[in-house]
Amino acid sequence: MRILKSALLMTALAALLIAPLGSAMAADEIKLGTIFSRTGPLANLGLDSWRGAELARIVQNQKGGLLGKKIVFINGDAPNPKAAVSETERLCTVEKVPVILGSFSSSISLAASAKANQHKVIYWEMGAVGDKITERGLKYVFRTSPTGSDLGRDQLRFALGELAIKIGKKPAQMKVASIYEDSAYGTACAAGIRDQAKKMGVKLAVDEAYNHKATDLSSLVMRVKAANPDVILESSYENDAIMFFRQAQEAGLKIRQYVGSGGGMNQPGYKKALGNAINGYVCNVGYPGYNLNPAYAKGIKELEALYTKTFGEKPTSVFSVINYMGAMALWDVINRAGSLKPEALVKAALATNIPGDKTILRYGIKFAGPGSKNMGQNVLASYFISQWQGGQLQIVSPAGAATPGHSLQVK
Amino acid sequence: MLGSYFKNMGAPGVYFPSLILLAFLAVAALVPNEFYLNLFFMIFMFAGLSGAWNIIGGYAGQISLGHAAFYGVGAYTSAVLFAKLGLPPVLGIFASMGVAVVLAFIIGYPCLRLKGPFFTLATLAVAEVLQLLAVYFRGLTEGSEGLSIPYEPAWYNLIFESKNVYAVLAFGYMLLVLVITLVLERSKLGYQLTALRDEDQAAESLGVNTSRAKIAAFVLSGALTALGAVIVSQYVLFLEPHSDFSVNVSVELALMSMVGGLGTAVGPLIGAAILIPLGEFLRAWVGGGIQGLHYVIYGCILILVVMFMPHGIKALVENKYKALVDILPRFGAAACPQPEEEVHLHFESHEAVTAKEGRPLIAAHEVSKDFGGLRVLSGISFSVHPGEILGIIGPNGAGKTTLFNVISGVYRPTKGRVEFDGQDITGIKRIHQVCHLGMGRTYQIVKPFGNMSVLDNVMVGAFCNQAGSATAREIALEVLALVGLLDKKDQEAKSLTLANMKRLEMARALATKPKLLLLDEVMAGLNPNEIDEAIKLIRDIRDYGSTVIVVEHVMRAIMSLSERIMVIAQGEKVTEGLPREVIADQRVIKAYLGDGFELA
Amino acid sequence: MVFLQVLINGLFLGGVYALISLGLTLIFGVVRVINFAHGEILMISMYASFFCFSVLGLNPYLSLIIVIPGMFLVGILIDQVIIRPIRNAPSYMQIFATVGLSVVLINLALVFFSGDYRSINLAFAKQVVHMGDIGISLSRFIVFISAIVVAWLVWLFLDKTDMGKQIRAIAQDRDAARLMGINPNKIYMITFGIGSAMVGLAGGLIMPLYYVFPSVGAYFVLTAFVVVVLGGLGNMVGALLGGLIIGVIDSLSGFYLDPALKEMVYFVVFLGVLLFRPSGLMGMIGAEEMGLK
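Residues numbered from 1 in each chain as written. Chains lettered and ligands numbered in written order. Predicted model: local features only at pLDDT ≥ 70, side-chain atom pairs only at ≥ 80, totals over all residues.

S.K.: So, the overall build of chain A: which residues are in play, and what are the values?
M.R.: The helix and strand inventory of chain A stands at 12 helices and 12 strands. In terms of overall dimensions, chain A is globule-like: its C-alpha atoms have a radius of gyration of 22 Å, near the 22 Å expected for 411 residues. Overall size of chain A, expressed as C-alpha extent along the three principal axes, is 65 × 60 × 45 Å. Each of the 411 residues in chain A was classed as buried or not, and the buried ones make up 60%. In chain A, of all internal contacts separated by at least 6 residues, the share reaching a separation of at least 24 is 67%. (Helix = DSSP H or I, 4+ residues; strand = E, 2+ residues; numbered from the N terminus. Rg over C-alpha atoms; globule rule 2.2 N^0.38 Å. Buried ≥ 20, exposed ≤ 12 C-beta atoms within 10 Å, placed from the backbone. Contact = placed C-beta atoms within 7 Å.)

Written as structure tokens, this is what we have:
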């Protein structure tokens, strides 16, 4: 017991001393930091996002690395914003990384990027959707992926556009319900929907938030059912998406189509839990994954193979693709900058102009410049619409990206 | 207190920790390494926040797992006022603390009545409700998307470019909480809190208004937590309900105090200094690898600490620390040996006062008490005049302790009236009020404040009529001298023998300077020598100025002590009168030995 | 009609809450240790049920044969290793030890099973019986009936059997029970085991309705405490009624008030109960000990 107590004390002391030593940088390596939530409730998606960046690192190293050196990741785990701040501090001041890649989670990103910006370290966001991330006028923060409110806007546009046509109703005749989980992700999407609704002059039949930790959504189902909508626009994580769908089925809620916004509704787990019921019934606005038509998304099959080889399993979600694309764009910036100095990197980033047909997800990369409201945001980022068909997510819009033979279906 | 601090500067017990603190301050101010500065900022802030929690959790013994409510409310009040109305946080701090104080009153009044785990659950529920509200009212708080605080460095915004300033500010906060805790420890409130934590009812009998004390502690704790929350927010610059109102915050604060040493001033500091680097270290070392592994290790460490080091690390290192302090040199005034404290006994010696005419000190009129269907007391009337010693005897189960409980305000009589010193105290709501009116009592099963020293136990009683620690201490020492426990004054109460614990009970009650003292079977379990000493002591007590009612089984004692004796059997008064009359009374004999007994 | 459906949904949801809380009320009511790792016992049960399905191909209703006794043993293990040393400790030690246990269990699950959501897709369980406009989900109905049956069976056990009487004796007055020759350690151990087995039953029955992931316990545990306090510690009927009441409140406030606020409503109810009638609807055995009378 004495030994135990001494051991505890020693561990604590050791922590204080060893931690800041950090890892020495070998001369032929470039150290870059990563911040993702690898623990906590969103751990699986945070991890999968990191995997995308990791694949990009491997691919680039195979090509000889960056500026002649191999890329090494120093990984930070951030289950909550305070931990994100601490990890960012560690990466910036101990490991002295010039760039941090992240983060999937908007609240992590908001906290970590603010800290990184203070240290003049580039924060390269590749997947989190919170609008505010690029609305704070922070010079060193960039985001390659689209925003949350864009997701919402696209949801409504699609619903009142292509979907309405397929259903055979005029936009003014469509009854649209919007439900969303109440954390940063859902709230941002819903705000986009509301914004778009105002622009288009339409009124939402339902506009309800729910607690993402809820153990029951039957009352929400009843409320939606009472409004009798044609289409439900949903922003949910996987667990609540599954729960709502099941409870809607039990309650006999019949609509023409669900339109999700990524999050949980494009996960394999969603499909496994709900089975065939979702085929032709659930669309997703989002960034697609390995289901893209290889003729359209060049290199997607090779990437999938690399994923399977590196991690020993098939891709568990779509997030690795978008993070891969974001990281590849970063390599391009670093190469053009020719150095790791912050000002050079910022300048190179602002000069980025990658056309859509050169990227795996077929949208271009060009960042809004200083003075714009969303400085640092990739203004060419856009979404795809996919639909669950035959147990797979198939792209249905834009048409050119769709796999031949798969077009939009409605119930 | 500041005066005595400087006066005793030469003592190693004072300068050594001061030097350690100064060293921390120096590190905060001078070290350029930003990683260390971030670490120290977090350690100091959490030491302070946990110290704030410790006031209600450690000292008052009410484990709150909802302090995130104060944290979140403090953080958001100032941040919203700043981000939306431009109010500088240096002023916003006061708004935050004000809101926290109001919240503490609102939650405290109802919840502090609850015991143990129920209080804990209530605080958890409150924090959850506030979290849900913070998410819901996103017009005000930005909801789940989080509130970003604009980075505008200025002293009045509590936002600084230099991390050193943050670290020094954090040090200042920690020092503030530490000083407040130390002052509290030595103050009347501090003594009362420690007492009520150990024995709630005994504390009440000594005049401690336990609910007011608990609320005071709760309010203080909440305000200090809110203050700390503002400082952290101006560093992290981002708030969101799911982390700032999270149960994890509440648990961390409580944990640090527990690991370091619950209910001690320095415990939270030790706890923070260990747990924060440990968390960082684990996350950096293990966190990047297998998901969740570092938390498994953290959780295991937690369980081990709880099970094997329940008094925290402070208890572990205390002896070594004291040994170290003892061998350090003493300077200045502290180098001279301290003279032994002299205790002057002030008490008037009365002649043995016999029953006076005139208004009785206490009178019971037709008192009955039922518990459900069981009538325990039935129509008891008696009175006691100032200066008397009244003995109450009766077989077991007669209702003697119940009678005590009724006249001392623990129970309300079902029928009848009790008057004390001219006042009707029949319906008295709170036990402590009885003490303030001048009645003190001991308990049949002793209830010492086990973890406090003998002197401290008695000081709690002395505080009944005093506000200052110095005068309370004087009175306590006097009383200890009177009962003969002066040489044991620094011993822990729970380590006393039974006889001494009974003396301690009496001493405590005496320190409240009662007009009337109720002694409940103080002789039980004493050997003949101890009984003689107790008899003499009780007579001294009466000479000291108190009227005494004694419940006893030991015949020798009650016969020699009492001027009058009252006999109670089966809830009724059998007879009352001079001792030698009472024991010859047939009814009394029958009451003890049964109806079948015939005196030959 | 809508109201009726909302009400029925609430009752069925209440059945879920009640089933999960029956084990907790027994443990909390008898052993009097506030166990913050209770949600993780549920999580382990659910994983057990899931793996019986995915590895052994056993339907979750069948795998109960394995899960229930398995969880009984798990309960005994937890009791003897973690709870027993701290049974008489001040409540703060119990709180922290069980919080530590909760962290360890959640993250062990994360290490071994990853954070993915696992669920069981049972066609049978998805069937909905329609009576006019009202839809009744079969799997939820099973849970609802089970809650009532289990509550009744355990009540019978406590009331009629020797062991049950011993358990109640210990709950009412531990010292008196010891004087009667009842071994407290044995009783606590068995109670923990039985309580955990009941949670095991709950876990298996709700797998068709939900999904399991490492933190799933946290979603249910606070509600379970609310139900237990509302119903009265140690009281089977109380937990059943409490669960149903909370379920109905959840459903009604979600529909008529606001889905985002429904959790808040029953926390407010919880606070109300704690303040005005802390011994719960049905009263609590040994309430004096807890200072509640």
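From this point, things continue past the structure.
S.K.: Quick one: what's the story with the interface of chain C and chain B, residue by residue and with numbers?
M.R.: Residue-level contacts link 36 residues of chain C with 36 residues of chain B. Sorting the residues of the side of chain C that touches chain B by element identifies helix H4 (91-113), helix H9 (216-231) and helix H11 (262-276) of chain C as the ones contributing at least two each. Tallying contributions element by element places H4 of chain C first for the side of chain C that touches chain B, with 15 residues. Each residue belonging to the side of chain C that touches chain B can be placed in one class, and the counts come to 31 nonpolar, four polar and one charged. (Nonpolar A, V, L, I, M, F, W, Y, C, P; charged D, E, K, R; others polar.)

S.K.: I'd like a rundown of the interface of chain B and chain A, residues and numbers included.
M.R.: With 37 residues of chain B at the contact, the number on the chain A side is 40 residues. Element by element, the count of residues in the side of chain B that touches chain A is highest for helix H14 (residues 267-287) of chain B, at eight residues. Within the side of chain B that touches chain A, the residues separate by chemical class into 19 nonpolar, 12 polar and six charged.

S.K.: Break down the pairing of strand S8 (residues 231-235) of chain A for me, with residues and values.
M.R.: All names here are of chain A. Among the five residues that make up S8, five are buried, leaving the element largely enclosed by the rest of the structure. Covered by surrounding structure in S8 are Val231, Leu233 and Ser235 together with Ile232 and Glu234, the residues of both alternating faces. Taken together, the five bridges between strand S6 (residues 176-181) and S8 define a ladder with parallel strand orientation. Opposite Tyr180, over in S8, you have Ser235 as the bridge partner. (Pairing = 2+ DSSP bridges.)

S.K.: An account of unusual backbone geometry is requested, with residue identities and associated values reported.
M.R.: All names here are of chain A. Note that the residue after Gly102, namely Ser103, is joined by a cis bond; omega there is -15 degrees. On the secondary structure map, Ser103 appears in strand S3 (residues 99-103). At Lys120, a position not held by glycine, the phi torsion is positive, near 55 degrees. Within the element layout of this structure, Lys120 appears in the loop between helix H4 (106-118) and strand S4 (122-125).

S.K.: Kindly report on the sheet that holds S8 of chain A, identifying the contributing residues and their values.
M.R.: Residue and element names in this part refer to chain A. A sheet is described by the order of its strands in space; here seven strands give the open sequence S7-S6-S8-S9-S10-S11-S12, paired in mixed fashion. Strands with a single pairing partner mark the edges of an open sheet, and in this sheet they are strand S7 (206-210) and strand S12 (392-397). Each adjacent strand pair in this sheet contributes to an overall mean axis angle of 25 degrees, direction not counted. Each of S6, S7 and S8 is contacted by helix H6 (residues 184-200), which is oriented at about 155 degrees to S6, the strand it contacts most. (Axes fitted to C-alpha atoms, helices over the stretch in contact; angles between N-to-C directions.)

S.K.: Any details on the domain arrangement of chain A? Residues and values, ideally.
M.R.: All names here are of chain A. Here the domain parsing of chain A yields domain 1 (8-146 + 300-358) and domain 2 (149-286 + 384-401). Placing a centre on the C-alpha atoms of domain 1 and another on those of domain 2 gives a separation of 31 Å. With nine residues of domain 1 at the contact, the number on the domain 2 side is nine residues. Across the side of domain 1 that touches domain 2, the residue classes break down as three nonpolar, five polar and one charged. (Domains from an automatic or database assignment.)

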